[in-house]
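The residues making up each chain are set out below.
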Amino acid sequence: QVHLVESGGGLVQAGGSLRLSCAASGSIFSINAMGWYRQAPGKQRELVAAITSSGVTNYADSVKGRFTISRNAKNTVYLQMNSLKPEDTAVYYCNFRATFPSNSWGQGTQVTVSS
């Protein structure tokens, strides 16, 4: 069984920065991609950023130029969030896609940006 544990969320003023981390424990076979999603109240969960095993990144248009996704060699993925806006307020979830297990989610971490 795989557990993804997120950290780094919190309350920040608009224009500030936060860095989210997501570490995996347990057995994961052949990670294909890691990603961050977010869900604001009353809205659907949306992809924020993703990074493949070869390092190719993909970002939502709303965060391009402000957020950066990265990973290390030990199954940890990061999301550096700069120039935060109130509309970035949401619960952020990390996600791993692998050969096995195919789809794993973290428990979520709250990010609140005050105006």
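Treat the numbers as computed from the prediction; the structure is a model and nothing was measured. Per chain, residue numbering runs from 1 following the sequence as it is written. Given that this is a predicted model, residues contribute local features only at a pLDDT of at least 70 and side-chain atom pairs are listed and counted only at 80 or more, while totals for whole chains, interfaces and linings are drawn from all residues. In computing side-chain values, all of the structure's heavy atoms are included and hydrogens and water are not.

A.B. asks: Explain the environment of Ser83 residue by residue, including any values.
C.D. replies: The helix count covers DSSP runs of H or I at least four residues long, the strand count covers runs of E at least two residues long, and both are numbered beginning at the N terminus. Within the secondary structure, Ser83 is located in the loop between strand S8 (76-81) and strand S9 (90-100). Residue classification places Ser83 among the partly exposed residues on the basis of a relative accessible area of 42%. Distance in space between the C-alpha atoms of Ser83 and Thr109 is 19 Å, their sequence separation being 26 residues. Throughout, exposure labels follow a simple rule: accessible area from a 1.4 Å probe, protein chains only, divided by the maximum for the residue type, with under 20% read as buried, over 50% as exposed, and the rest as partly exposed.

A.B. asks: So what's going on with the packing of aromatic side chains? Which residues, and what values?
C.D. replies: Only Phe, Tyr and Trp rings are paired, with Trp represented by its six-membered ring, and only when their centres lie within 6.5 Å; those with planes under 30 degrees apart are stacked, over 60 edge-to-face, the remainder tilted. Within the structure shown, the criterion is met by 1 aromatic pair. With a centroid separation of 5.0 Å and 65° between ring planes, the pair formed by Tyr37 and Trp105 is classed as edge-to-face. Here Tyr37, found in strand S4 (residues 29-39), pairs with Trp105, found in strand S10 (residues 103-105); they are 68 residues apart in sequence, far enough to count as distant. Residue classification places Trp105 among the partly exposed positions, given a relative accessible area of 33%. Only Lys NZ and Arg CZ are tested; either one counts as a charge over a ring when it is within 6 Å of the ring centre and within 35 degrees of the ring normal. Positioned above the aromatic ring of Tyr78, the side-chain terminus of Arg19 is 4.1 Å from the ring centre. The aromatic ring of Tyr93 is capped on one face by Arg45, whose charged end is 3.7 Å from the ring centroid.

A.B. asks: Break down the state of the cysteines for me, with residues and values.
C.D. replies: Any two cysteine sulfur atoms lying within 2.5 Å of each other are counted as a disulfide. Inspection of the entire model under this criterion finds 1 disulfide. Through a disulfide, Cys22 is tied to Cys94; the S-S separation comes to 2.0 Å. In this structure the cystine formed by Cys22 and Cys94 twists about its S-S bond by roughly 40°; its chirality is therefore right-handed. A residue pair is termed long-range when its members are at least 10 positions apart, and Cys22 in strand S3 (residues 18-25) and Cys94 in strand S9 qualify at 72 residues. A relative accessible area of 0% means that Cys22 is categorised as buried. Exposure remark for Cys94: the relative accessible area of 0% places this residue in the buried category.

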